[in-house]
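Per-entry structural report
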Amino acid sequence: MKQKTSSNKALKASRIGVFATLYVVTSLVPISMFIGAPSFLALNLIITPVIAILLSPLESLLASFFGGVIAFYISPSQAMFGPYTVLLPVMGATLGSLAFHKAKPGVLATSIFLAIAIAAYLTRNYPFPYFIVPHSIAITFAILSTLKKMTPSHLKIPLYTYISTMTEQGMMMIFAVYLLGLPWQVFVGVLPLMVYERLVGTIGAAVVTISLMKILPRNFVE
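The rules behind each value
Residues numbered from 1 in each chain as written. Predicted model: local features only at pLDDT ≥ 70, side-chain atom pairs only at ≥ 80, totals over all residues. Heavy atoms only, no water. Helix = DSSP H or I, 4+ residues; strand = E, 2+ residues; numbered from the N terminus. Buried < 20%, exposed > 50% of the residue type's maximum accessible area, 1.4 Å probe, protein only. Contact = heavy atoms within 4.5 Å. Areas by Shrake-Rupley, 256 points an atom, 1.4 Å probe, with all protein chains shown as cover. Axes fitted to C-alpha atoms, helices over the stretch in contact; angles between N-to-C directions. Nonpolar A, V, L, I, M, F, W, Y, C, P; charged D, E, K, R; others polar. Patch = residues over 30% accessible without salt bridge, like charges linked within 9 Å, V, L, I, M, F, W, Y side chains within 5 Å. Salt bridge = Lys/Arg side-chain N within 4 Å of Asp/Glu carboxyl O. Expected span 1.5 Å × (residues − 1). Arc of directions from axis to C-beta.

**Details of the overall build of the chain**
Counting its regular elements, the chain contains 8 helices and 2 strands. Secondary structure elements of the chain, listed N to C terminal, follow the sequence α-β-β-α-α-α-α-α-α-α. Per-residue burial over the chain gives 50% buried out of 222 residues. In the chain, the proportion of contacts linking residues at least 24 apart, taken out of those at least 6 apart, comes to 77%. Accessible area of the chain: about 10,700 Å², with a carbon and sulfur share of 73%.

Take a look at the structure:
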(Lines give C-alpha, C1' and ligand atoms only; values in the text may rest on other atoms or scores of the structure.)
Protein backbone atom coordinates (compact mmCIF):
# COMPACT_ATOMS: atom_id res chain seq x y z
CA MET A 1 0.00 0.00 0.00
CA LYS A 2 2.81 2.38 0.96
CA GLN A 3 4.71 1.49 -2.20
CA LYS A 4 1.61 2.20 -4.30
CA THR A 5 1.18 5.60 -2.64
CA SER A 6 4.81 6.48 -3.35
CA SER A 7 4.38 5.36 -6.95
CA ASN A 8 1.31 7.57 -7.38
CA LYS A 9 3.16 10.58 -5.95
CA ALA A 10 6.08 9.97 -8.28
CA LEU A 11 3.72 9.71 -11.26
CA LYS A 12 1.98 12.96 -10.33
CA ALA A 13 5.31 14.74 -9.87
CA SER A 14 6.53 13.51 -13.24
CA ARG A 15 3.33 14.62 -14.96
CA ILE A 16 3.62 18.07 -13.42
CA GLY A 17 7.28 18.29 -14.43
CA VAL A 18 6.73 17.13 -18.01
CA PHE A 19 3.88 19.51 -18.75
CA ALA A 20 5.54 22.44 -16.98
CA THR A 21 8.54 21.82 -19.23
CA LEU A 22 6.34 21.70 -22.33
CA TYR A 23 4.87 25.05 -21.34
CA VAL A 24 8.33 26.57 -20.88
CA VAL A 25 9.72 25.24 -24.18
CA THR A 26 6.74 26.48 -26.19
CA SER A 27 7.00 29.90 -24.50
CA LEU A 28 10.07 30.51 -26.65
CA VAL A 29 8.07 30.32 -29.90
CA PRO A 30 6.22 33.58 -30.74
CA ILE A 31 3.02 33.31 -32.76
CA SER A 32 1.39 36.75 -32.43
CA MET A 33 2.16 40.30 -31.38
CA PHE A 34 0.42 41.80 -28.36
CA ILE A 35 -1.12 45.20 -29.13
CA GLY A 36 -0.64 47.65 -26.28
CA ALA A 37 2.61 46.26 -24.85
CA PRO A 38 6.12 45.51 -26.23
CA SER A 39 5.68 41.75 -26.01
CA PHE A 40 4.29 38.74 -27.85
CA LEU A 41 2.02 35.77 -27.38
CA ALA A 42 3.76 32.42 -27.59
CA LEU A 43 2.94 28.89 -28.65
CA ASN A 44 2.47 27.95 -25.00
CA LEU A 45 -1.17 29.03 -25.32
CA ILE A 46 -1.61 25.61 -26.95
CA ILE A 47 -0.22 23.82 -23.88
CA THR A 48 -2.52 25.46 -21.33
CA PRO A 49 -5.66 23.57 -22.51
CA VAL A 50 -3.60 20.38 -22.91
CA ILE A 51 -2.64 20.62 -19.25
CA ALA A 52 -6.28 21.26 -18.34
CA ILE A 53 -7.52 18.09 -20.02
CA LEU A 54 -4.72 15.64 -19.28
CA LEU A 55 -4.00 16.62 -15.67
CA SER A 56 -6.17 16.83 -12.57
CA PRO A 57 -7.09 20.32 -11.29
CA LEU A 58 -4.35 20.31 -8.64
CA GLU A 59 -1.75 19.00 -11.08
CA SER A 60 -2.90 21.60 -13.61
CA LEU A 61 -2.48 24.36 -11.05
CA LEU A 62 1.05 23.27 -10.16
CA ALA A 63 2.21 22.54 -13.72
CA SER A 64 0.90 25.87 -15.05
CA PHE A 65 2.30 27.80 -12.09
CA PHE A 66 5.80 26.32 -12.28
CA GLY A 67 5.79 26.52 -16.07
CA GLY A 68 4.57 30.11 -15.97
CA VAL A 69 7.16 31.21 -13.42
CA ILE A 70 10.06 29.64 -15.31
CA ALA A 71 8.78 31.03 -18.63
CA PHE A 72 8.58 34.49 -17.06
CA TYR A 73 12.29 34.41 -16.31
CA ILE A 74 13.61 32.76 -19.47
CA SER A 75 11.31 34.60 -21.90
CA PRO A 76 10.53 38.02 -20.38
CA SER A 77 9.53 39.36 -23.80
CA GLN A 78 6.22 37.47 -23.54
CA ALA A 79 5.44 38.78 -20.04
CA MET A 80 3.10 41.55 -21.15
CA PHE A 81 1.72 41.97 -17.62
CA GLY A 82 4.95 41.51 -15.71
CA PRO A 83 4.79 38.88 -12.95
CA TYR A 84 0.98 38.85 -13.22
CA THR A 85 1.44 37.08 -16.58
CA VAL A 86 1.88 33.84 -14.61
CA LEU A 87 -1.83 33.98 -13.76
CA LEU A 88 -2.80 33.52 -17.41
CA PRO A 89 -1.87 29.82 -17.67
CA VAL A 90 -2.82 29.21 -14.05
CA MET A 91 -6.41 30.39 -14.59
CA GLY A 92 -6.75 28.75 -18.02
CA ALA A 93 -5.35 25.40 -16.93
CA THR A 94 -6.92 25.20 -13.47
CA LEU A 95 -10.43 26.35 -14.37
CA GLY A 96 -10.31 24.40 -17.63
CA SER A 97 -9.36 21.29 -15.69
CA LEU A 98 -12.13 21.87 -13.17
CA ALA A 99 -14.66 22.17 -16.00
CA PHE A 100 -13.38 19.00 -17.69
CA HIS A 101 -12.87 16.78 -14.64
CA LYS A 102 -15.42 18.06 -12.11
CA ALA A 103 -18.44 18.45 -14.38
CA LYS A 104 -21.13 20.77 -12.99
CA PRO A 105 -19.17 22.32 -10.06
CA GLY A 106 -16.19 22.96 -12.34
CA VAL A 107 -18.36 24.36 -15.13
CA LEU A 108 -20.05 26.65 -12.60
CA ALA A 109 -16.70 28.00 -11.37
CA THR A 110 -15.44 28.54 -14.92
CA SER A 111 -18.67 30.19 -16.04
CA ILE A 112 -18.66 32.54 -13.04
CA PHE A 113 -15.09 33.59 -13.78
CA LEU A 114 -15.87 34.23 -17.45
CA ALA A 115 -18.96 36.22 -16.46
CA ILE A 116 -16.82 38.33 -14.10
CA ALA A 117 -14.28 38.92 -16.88
CA ILE A 118 -17.04 39.99 -19.26
CA ALA A 119 -18.54 42.36 -16.69
CA ALA A 120 -15.10 43.81 -15.91
CA TYR A 121 -14.50 44.50 -19.60
CA LEU A 122 -17.93 46.03 -20.25
CA THR A 123 -17.64 48.32 -17.22
CA ARG A 124 -14.74 50.17 -18.88
CA ASN A 125 -15.14 49.40 -22.60
CA TYR A 126 -18.90 49.20 -23.16
CA PRO A 127 -18.71 51.14 -26.49
CA PHE A 128 -17.21 47.99 -28.08
CA PRO A 129 -19.11 45.02 -26.61
CA TYR A 130 -18.31 42.68 -29.50
CA PHE A 131 -14.97 41.71 -27.97
CA ILE A 132 -16.68 39.55 -25.35
CA VAL A 133 -18.67 37.46 -27.85
CA PRO A 134 -16.09 34.59 -27.84
CA HIS A 135 -16.14 34.58 -24.02
CA SER A 136 -19.94 34.42 -24.02
CA ILE A 137 -19.77 31.50 -26.45
CA ALA A 138 -17.37 29.76 -24.04
CA ILE A 139 -19.93 30.10 -21.24
CA THR A 140 -22.60 28.64 -23.52
CA PHE A 141 -20.33 25.73 -24.46
CA ALA A 142 -19.52 25.13 -20.79
CA ILE A 143 -23.19 24.92 -19.88
CA LEU A 144 -23.98 22.68 -22.85
CA SER A 145 -21.08 20.40 -21.89
CA THR A 146 -22.98 19.37 -18.77
CA LEU A 147 -25.73 17.96 -21.01
CA LYS A 148 -24.18 14.74 -22.26
CA LYS A 149 -26.76 14.22 -25.00
CA MET A 150 -25.76 17.57 -26.52
CA THR A 151 -22.01 16.89 -26.44
CA PRO A 152 -20.90 14.29 -29.04
CA SER A 153 -17.82 12.42 -27.84
CA HIS A 154 -15.72 13.46 -30.87
CA LEU A 155 -16.34 17.14 -30.03
CA LYS A 156 -15.62 16.87 -26.33
CA ILE A 157 -11.90 17.63 -26.43
CA PRO A 158 -12.12 20.62 -28.85
CA LEU A 159 -15.02 22.00 -26.80
CA TYR A 160 -13.01 21.92 -23.58
CA THR A 161 -9.81 23.22 -25.18
CA TYR A 162 -11.88 26.21 -26.33
CA ILE A 163 -13.31 26.74 -22.85
CA SER A 164 -9.83 26.56 -21.33
CA THR A 165 -8.18 28.92 -23.81
CA MET A 166 -11.00 31.46 -23.45
CA THR A 167 -10.67 31.31 -19.66
CA GLU A 168 -6.99 32.17 -20.09
CA GLN A 169 -7.98 34.99 -22.43
CA GLY A 170 -10.54 36.23 -19.89
CA MET A 171 -7.73 36.78 -17.40
CA MET A 172 -5.71 38.51 -20.11
CA MET A 173 -8.68 40.75 -20.92
CA ILE A 174 -9.01 41.86 -17.29
CA PHE A 175 -5.31 42.72 -17.12
CA ALA A 176 -5.40 44.53 -20.47
CA VAL A 177 -8.23 46.75 -19.26
CA TYR A 178 -7.16 47.36 -15.66
CA LEU A 179 -3.35 46.97 -15.64
CA LEU A 180 -2.54 48.42 -19.06
CA GLY A 181 -5.61 50.64 -19.25
CA LEU A 182 -6.23 49.87 -22.92
CA PRO A 183 -9.23 51.85 -24.26
CA TRP A 184 -12.05 50.30 -26.26
CA GLN A 185 -10.63 51.62 -29.54
CA VAL A 186 -7.60 49.33 -29.15
CA PHE A 187 -9.81 46.26 -28.76
CA VAL A 188 -11.31 46.90 -32.21
CA GLY A 189 -7.93 46.05 -33.72
CA VAL A 190 -7.21 43.35 -31.14
CA LEU A 191 -10.37 41.32 -31.87
CA PRO A 192 -9.21 39.66 -35.14
CA LEU A 193 -5.86 38.79 -33.53
CA MET A 194 -7.61 37.40 -30.47
CA VAL A 195 -9.87 35.20 -32.58
CA TYR A 196 -6.84 33.93 -34.51
CA GLU A 197 -4.89 33.21 -31.31
CA ARG A 198 -7.76 31.37 -29.64
CA LEU A 199 -8.45 29.30 -32.74
CA VAL A 200 -4.78 28.31 -32.71
CA GLY A 201 -5.08 27.52 -29.00
CA THR A 202 -8.27 25.48 -29.46
CA ILE A 203 -7.31 23.48 -32.56
CA GLY A 204 -3.63 23.10 -31.66
CA ALA A 205 -4.42 21.95 -28.13
CA ALA A 206 -7.02 19.47 -29.37
CA VAL A 207 -4.54 17.95 -31.83
CA VAL A 208 -1.76 17.75 -29.22
CA THR A 209 -4.11 16.31 -26.58
CA ILE A 210 -5.47 13.59 -28.83
CA SER A 211 -1.96 12.73 -30.02
CA LEU A 212 -0.56 12.49 -26.49
CA MET A 213 -3.48 10.31 -25.39
CA LYS A 214 -2.56 7.88 -28.17
CA ILE A 215 1.22 7.74 -27.75
CA LEU A 216 1.72 8.11 -23.98
CA PRO A 217 1.03 5.31 -21.46
CA ARG A 218 -2.59 5.33 -20.36
CA ASN A 219 -1.75 5.84 -16.67
CA PHE A 220 0.28 8.93 -17.58
CA VAL A 221 -2.55 10.83 -19.24
CA GLU A 222 -5.57 9.72 -17.22
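**Some details on the packing of helix H4 (residues 87–101) against helix H5 (residues 103–125)**
Interhelical geometry of H4 versus H5 gives an angle of 145 degrees and a closest axis separation of 6 Å. From H4, Met91, Leu95, Leu98, Ala99 and His101 reach across to H5, where they touch Ala103, Gly106, Val107, Ala109, Thr110 and Phe113. Residue classes in the contact of H4 with H5 are distributed as 8 nonpolar, 3 polar and no charged.

**Some thoughts on unusual backbone geometry**
With phi around 50 degrees, Ala103 is a residue other than glycine that occupies positive phi space. If you trace the backbone, Ala103 turns up in helix H5.

**Some words on a nonpolar patch on the surface**
Residues Leu28, Val29, Ile70, Tyr73 and Ile74 make up a contiguous nonpolar surface patch of roughly 490 Å² in combined accessible area. Secondary-structure assignment places Tyr73 in helix H3 (residues 57–74). Residue Tyr73 is classed as exposed on the basis of its relative accessible area of 62%.

**Brief notes about the pattern of salt bridges**
Evaluated as defined, the whole model comprises 2 salt bridges. Put simply, Arg15 and Glu59 hold a salt bridge, and the shortest N to O gap is 2.7 Å. Here Arg15 is found in helix H1 (residues 2–26), whereas its partner Glu59 is found in helix H3, with 44 residues between them in sequence. Across the pair Glu168 and Arg198 runs a salt bridge, and its minimum N-O distance is 3.1 Å. Linking Glu168 in helix H7 (residues 153–178) with Arg198 in helix H8 (residues 184–215), this pair joins segments that are 30 residues apart in sequence.

**Overview of helix H2 (residues 47–54)**
Most of H2 sits inside the fold, with 8 of its 8 residues counted as buried. Inspection of H2 places Ile47, Thr48, Pro49, Val50, Ile51, Ala52, Ile53 and Leu54 among the buried residues, and these make up the whole buried set.

**A closer look at helix H6 (residues 133–144)**
Helix length check: H6, at 12 residues, gives a terminal C-alpha distance of 16 Å against a target of 16 Å (1.5 Å per residue), a fit within 8%. Every buried residue of H6 is listed here: Pro134, His135, Ala138, Ile139 and Ala142. In a view along the axis of H6, the buried residues occupy a sector of 150 degrees, so they form one face of it.

**Remarks on the environment of Phe19**
In this fold, Phe19 is placed in helix H1. Exposure remark for Phe19: the relative accessible area of 0% places this residue in the buried category. Sequence separation between Phe19 and Ser60 is 41 residues, and the spatial gap between their C-alpha atoms is 8.8 Å.

Honestly, it's all geometry; don't read function into it.
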